[in-house]
Every structure is written in C-alpha cells, then in structure tokens.
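Each chain, written out:
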Amino acid sequence: MANSKSTQTMSRNLEFKDVLVLAFSTMIGWGWVALTGKWVNQGGAVGAVLAFVIGAVLCIFVGLTYCELTPALPYSGGELVFSYKAMGYHGAWFSGWMIAFAYIGVAAWEGPALVTAIDYLIKIPRYGYLWTIAGFDVYVTWLLIPVFAGTLLCIINIKGIKISSMFQAAVTIILAVGGIIFAVISGTHGSVGHMKPLFSSTKGMFTVVLSVPAMFVGFDVIPQVAEEMNLPLKKIPRAIVSSILLAAAWYIMIILASSFAAPKEVLGKEGLSVVHAVNYATNHPVAGKLIVVTAIMGILSSWNGFIIGATRVLYSMGRAKMLPDFFGELHRKYQTPRNAILFIGIITILTPLLGKNSLGWFVDASAFGTVIAYFMVALSFVILRRTCKDLPRPFKVKHGMLVGVIAILISLFFISLYLPIGSSSLSGIEWMIVGVWVCFGLILYFISLPHMRKNTQIREKALFCKFSD
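These lines cover the structure that appears in this document, whether it is placed above or below. Counting restarts for each chain, with residues numbered from 1 along the sequence as it is written. Owing to the predicted nature of the model, reporting of local features is limited to residues with pLDDT of at least 70; listing and counting of side-chain atom pairs is limited to 80 or more, with chain, interface and lining totals taken over all residues. Note that the side-chain values use all heavy atoms of the structure and ignore hydrogens as well as water.

## Re the overall build of the chain
Part 1 of the reasoning: A run of H or I in DSSP counts as a helix once it spans at least four residues, and a run of E counts as a strand once it spans at least two, with each numbered from the N terminus. When helices and strands are counted, the chain shows 15 helices and two strands.
Part 2 of the reasoning: Expected size for 469 residues packed as a compact globule is a radius of gyration near 23 Å; at 22 Å, the chain falls within 12% of this value.
Part 3 of the reasoning: Taken along the three principal axes of its C-alpha coordinates, the chain extends 65 × 55 × 40 Å.
Part 4 of the reasoning: When burial is assessed residue by residue, the chain has 59% of its 469 residues classed as buried.
Part 5 of the reasoning: Throughout, a residue-residue contact means that at least one pair of heavy atoms, one from each residue, lies within 4.5 Å. Taking all contacts inside the chain whose residues are at least 6 apart in sequence as the whole, residues at least 24 apart take part in 82%.
Part 6 of the reasoning: What sets the accessible areas is the Shrake-Rupley method with a 1.4 Å probe; for residues, cover comes only from the shown protein chains. Of the roughly 17900 Å² of accessible surface on the chain, 69% is carried by carbon and sulfur atoms.
Part 7 of the reasoning: All tallies of charge rest on Lys and Arg as positive and Asp and Glu as negative; His and the ends of each chain are not included. Every charge is mapped to an atom, namely NZ of Lys, CZ of Arg, CG of Asp or CD of Glu. Where the 35 positive side-chain charges of the chain centre and where its 19 negative ones centre are 5 Å apart. Throughout, radius of gyration means the C-alpha value; the globule benchmark is 2.2 Å times the number of residues raised to the power 0.38. Only protein chains enter the area calculation, which uses a 1.4 Å probe; residues under 20% of their type maximum are buried, those over 50% are exposed, and those in between are partly exposed.

Set out below in structure tokens:
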C-alpha cells in the first residue's frame, strides 16, 4: 500500500528538454487540425497569423507571472501554492480546484477526439448500440479505443514521470515530423493565389484572437511538475516562455501552410480543414491520413500532459489536507500520485459515453476554468509583490506591478467572454458541467473545512516542503 505521509516526495527526473517538450506538446493537441480553416476564413492568412501573434503576446504577460512565481515557489501544485502564499486557504482551494477542472476538462475530451480521428483512418464498425446524445449514436465498439488509450496512459503515468516524459517525447517527435512534412507538401504543391485575400477585416482578425488563449493552454503544466524537475530554478522561466513561442510558431506554420495549400472554400468545408487542405494539394487521400496520424500524436501528447497537470494539483491538495487523504498518496515503488491518476483515468474513460458531440462542451467549459486560474495567479503575483517583498525570487520580472496588472486585466477580459454577457458565452450544457464540478468541489470543501485550522502546520509543510524532505 502507498504511504500517505505528507513528507513523501516525487522523484526529480525532468531535465530542461523534458519540461519544454511537456509544455509545448500539451499546448498543441487536436484543435489545429479542425479549426485552422475557420481561422483563415475569419481573418485571412495574414489576419490569422497576426491574431496568434497578439494571442501569444497576451499569454506571455500571464506567463511572466508564472515565470517569477514558479522558481520562487517551486512546489507541486503550481497555482494552488501561489494562491495559498498570497491569499490563504480559501483562495488556494478555489484556485486549485479550478485549474484541476481546466486540466480534467481537456483530458476528458481527448478520448472522443482520439476515436473521431481513428474513425477517419479506419471506419470503426458500430456494434452494441447504447444511446443517442446530441444527435450522435454511441456504440460499445466506439468506446473501446478511448478506454484502451486512457488505461494505457494511466499505467504509463503510474510507472513514473520519466516514463511519461519519454512517451511524451516520442509522440512529440512524430507530431513535429508530420507538421514539417505538411509544410513541405504545401510549399511544393500550393499557390500564393490560394491565400488571397490575405487579410479579411480587423473584426475577423479579433474573432480569431478570442479563440487563441484556449490553444495556448498547457504552458501552465510546468509549475505542476516543479518538484520533479532536475534543473536550476533560473531555467524554469526560459522553459515557460520558450514553450509559448514554440506553440505560436507551430500554429503560424500550420495557418500559412494550409492557406497556401488550398483555397478558402476548401478550408471552409465541414470537418478536418487541414486534412482537406493536404488532400486538395496532393489529390491523394494518403496525405490526409498522414495528417490525421500526426493529429493523433497531438491528442495523445495533450492527453498525457493534462493527466500530469491534473494529478499533481489533486495530489498537492490531498497532501495538504485540502482534499481527502486518498488524493495525497504516492505509489510506494514509483513515487507517483497513484490515486489521483486513477481518479483522472476513470473520468477520461467515462466521458466518451457522452458521444463525439461532447467535445465542444468540455473544451469550452475547461477554457473557462483556465482563465479563472490565470486570474488567480496574476492576482497572487500582484499581492505577493506587495506583501512578500523579501521572498527569494531567482527570476524577477521587470516592471512587475505593471505586468501583473496587465495580466489581471487580460484574464478578466477573457473571463467576461464566457459569461452570459460575453461574445463566447458558455451554453446551458457547458454551464451545467461547470456547475456539477463546483457542486462536487463544495462537497469536498465542506468535508475538508473542519480540518482547516488544526492541520495548518501539516498543510504548510506539505505545500512548501523541500525536495530533500
């Protein structure tokens, strides 16, 4: 049985390259395959590129707060630890629960995305009809693939962060090679004429900007594995910023390659726009299948990355007596948060029962949780600049208060988009998903509340333990 003592620590196996690959590949995912055509049609090739440049700059402002806080407080839990230092138990609990929701929400839709991609490659036979949800018929055979993949990822993560990072590196290499091949195909078979008009309108460009932050979710996984890093603290900010820039370069490359490969009417077809583009350019379906294989690598890397992030948050909350002790246990042999991994695994295996159309629900709901967490980190950054001036900061952001205020305003802007008054308001089902998670969290919160005062020393030792404890 795993030991549940709060002094247990995880193995430090992650080098700089491992951290960079983890963050970059977690950000890429599946969205680029399906949404690139929409971006190009909304803003034009140049407009879509500018939208991602603007989005990257906005994310870097938020990322800079992570750059300072992560090496200053290099403990598993990231946002949870930052908020606890700045706002205490209640703020930390809320921050930790919302970032866990963000990670779990994205991990939850990776199963439906994976089986959708594989169904494009090899038509999956429909046997064992279960039910119809949102117009999609769910079959037993449709569920087998995500159940197998989810189980495999759980086993990989239980085996240890080094095994998980090796898996992440392998799928990322395949992903990168596939993206480069697509760019080469586009360059040799495409035409500049396909890209016209290069710019649609300012309104169209900013419509693309609204969807950009969701594409950069993943750099924030870095603080979650702080206790498992084997690198100087001063290198952590470089990994955070580099991962954002690499993700921006990837999206820009895909936008330019797609718009060069095929005209807008082809990219605007329903379905996988990048696949439509490469099929049009080569006039051969094998090329499109290559892109789908590449996308599958993105799904697996993103899925694995968010399992890592979510389990570290839940583990830290359990270790600090902010959730039941069950979540704070490490595997005796592998020193991994076994129970948190199993909890996430069960959720990601069950969500495909909701069918393919649940993809959009989890993406939007989890994006809302993400911007809430970003706001909490930016707010913690500003508070700590005022209240903890003596906190050792291996990396200190220049003009920190200005950067922090800008990060807060950016976060509040994106939060407003998801509210009923916003232009990207969540749907009724998406609000229901948020509500279920919040209600479940409140139950656990009130269960943990009686232990708040009597376990203060245990909690602080757990949250701020050193690697050598």
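## Here we look at the packing of aromatic side chains
Part 1 of the reasoning: Working definition: rings of Phe, Tyr and Trp (its six-membered ring) pair if their centres are within 6.5 Å, and the pair is stacked with planes under 30 degrees apart, edge-to-face with planes over 60 apart, and tilted otherwise. A full pass over the atoms with the stated rule returns 27 aromatic pairs.
Part 2 of the reasoning: Pairing phenylalanine 368 with tryptophan 431 gives two aromatic rings, centres 5.3 Å apart and planes at 70 degrees, and the pair type is edge-to-face. One end of the pair, phenylalanine 368, is in helix H12 (residues 358-387); the other, tryptophan 431, is in helix H14 (residues 428-448), with 63 residues separating them in the sequence.
Part 3 of the reasoning: Phenylalanine 368 sits in the buried class, given a relative accessible area of 8%.
Part 4 of the reasoning: Each ring, one from tryptophan 437 and one from phenylalanine 440, has its centre 6.1 Å from the other, and the planes form 65 degrees; the classification is edge-to-face. Residue tryptophan 437 and its partner phenylalanine 440 are both found in helix H14; the two are separated by three residues, about one turn of the helix.
Part 5 of the reasoning: Here the aromatic cluster, defined as three or more aromatic residues joined through ring pairs, consists of Tyr89, Trp93, Trp97, Phe101, Trp437, Phe440, Tyr445 and Phe446.
Part 6 of the reasoning: Distance and angle both matter: a charge sits over a ring if NZ of Lys or CZ of Arg is within 6 Å of the ring centre and within 35 degrees of the ring normal. Here the basic side chain of arginine 238 rests over the ring of phenylalanine 16, its NZ or CZ set 5.8 Å away from the ring centre.

## Quick word on the pairing of strand S1 (residues 129-133)
Part 1 of the reasoning: Only strands that DSSP links by at least two bridges are regarded as paired with each other. In the sheet, S1 pairs with strand S2 (residues 136-139) via four bridges, with the strands oriented antiparallel. Paired with isoleucine 133 across the strands is phenylalanine 136, a residue of S2.
Part 2 of the reasoning: Hairpin geometry of S1 and S2 is characterised by an intervening segment of two residues between the two adjacent antiparallel strands and by a positive phi of about 55 degrees at alanine 134.

## Overview of helix H3 (residues 79-121)
Part 1 of the reasoning: An ideal rise of 1.5 Å per residue puts 63 Å on 43 residues; H3 reaches only 39 Å between its terminal C-alpha atoms.
Part 2 of the reasoning: Residue methionine 87 marks the point of greatest curvature in H3, where the axis turns by about 145 degrees.
Part 3 of the reasoning: Of all 43 residues in H3, 35 are buried, a share of seventy percent or more. Here, expected helix span is obtained from the residue count minus one, scaled by 1.5 Å. Two axes enter the definition of the bend at a residue: one is fitted to the seven residues ending there, the other to the seven starting there, and the bend is the angle between them.

## Describing the nonpolar core
Part 1 of the reasoning: What is meant by a nonpolar core is a set of buried Ala, Val, Leu, Ile, Met, Phe, Trp, Tyr and Cys residues, joined one to another through side-chain atoms within 4.5 Å. One finds Trp32, Phe52, Trp93, Phe216, Tyr251 and Leu314 to be the most contacted residues of the largest nonpolar core, which totals 149 residues.
Part 2 of the reasoning: The leading source of residues in this core is H3, at 23 residues.
Part 3 of the reasoning: Sequence-distant contacts of tryptophan 93, that is, excluding residues within four places in its chain, are made with Leu80, Met317, Met322, Leu323, Gly441, Leu442, Leu444 and Tyr445.

## A word on the packing of helix H5 (residues 161-189) against helix H9 (residues 273-282)
Geometrically, a packed helix pair is captured by the angle between its two axes and the distance between the axes.
Part 1 of the reasoning: For helices, the axis comes from a line fit to the C-alpha atoms of the stretch in contact; other axes are also lines fit to C-alpha atoms, and the angle between any two N-to-C directions lies between 0 and 180 degrees. Interaxial distance between H5 and H9 falls to 9 Å at its minimum, and their mutual angle equals 45 degrees. Relative to H9, H5 is oriented oblique. For the pair H5 and H9, the crossing hand works out as left-handed. When H5 is examined against H9, the residues Phe182, Ile185 and His189 are found in contact with a partner set consisting of Val274, Val278, Ala281 and Thr282.
Part 2 of the reasoning: Broken down by class, the residue content of the contact of H5 with H9 amounts to five nonpolar, two polar and no charged. To sort the angles, those under 35 degrees are grouped as roughly parallel, those over 145 as roughly antiparallel, those from 65 to 115 as roughly perpendicular, and the leftovers as oblique. Whether a crossing is left-handed or right-handed is set by the direction in which the near helix is turned from the far one by less than a right angle, anticlockwise for left-handed and clockwise for right-handed. Ten residue types, Ala, Val, Leu, Ile, Met, Phe, Trp, Tyr, Cys and Pro, are classed as nonpolar, four, Asp, Glu, Lys and Arg, as charged, and the remainder, Gly among them, as polar.

## Regarding the pattern of salt bridges
Part 1 of the reasoning: Here, a salt bridge means any side-chain nitrogen of Lys or Arg that lies within 4 Å of a carboxyl oxygen of Asp or Glu. Evaluation of the coordinates by the stated rule reveals nine salt bridges.
Part 2 of the reasoning: Its salt-bridge partner being arginine 319, residue glutamate 227 comes within 2.8 Å of it at the nearest N-O pair. Residue glutamate 227 is found in the loop between helix H6 (202-215) and helix H7 (236-261), and its partner arginine 319 is found in helix H10 (residues 285-319); the two are separated by 92 residues along the sequence. For the pair formed by glutamate 227 and arginine 319, the shared burial category is buried.

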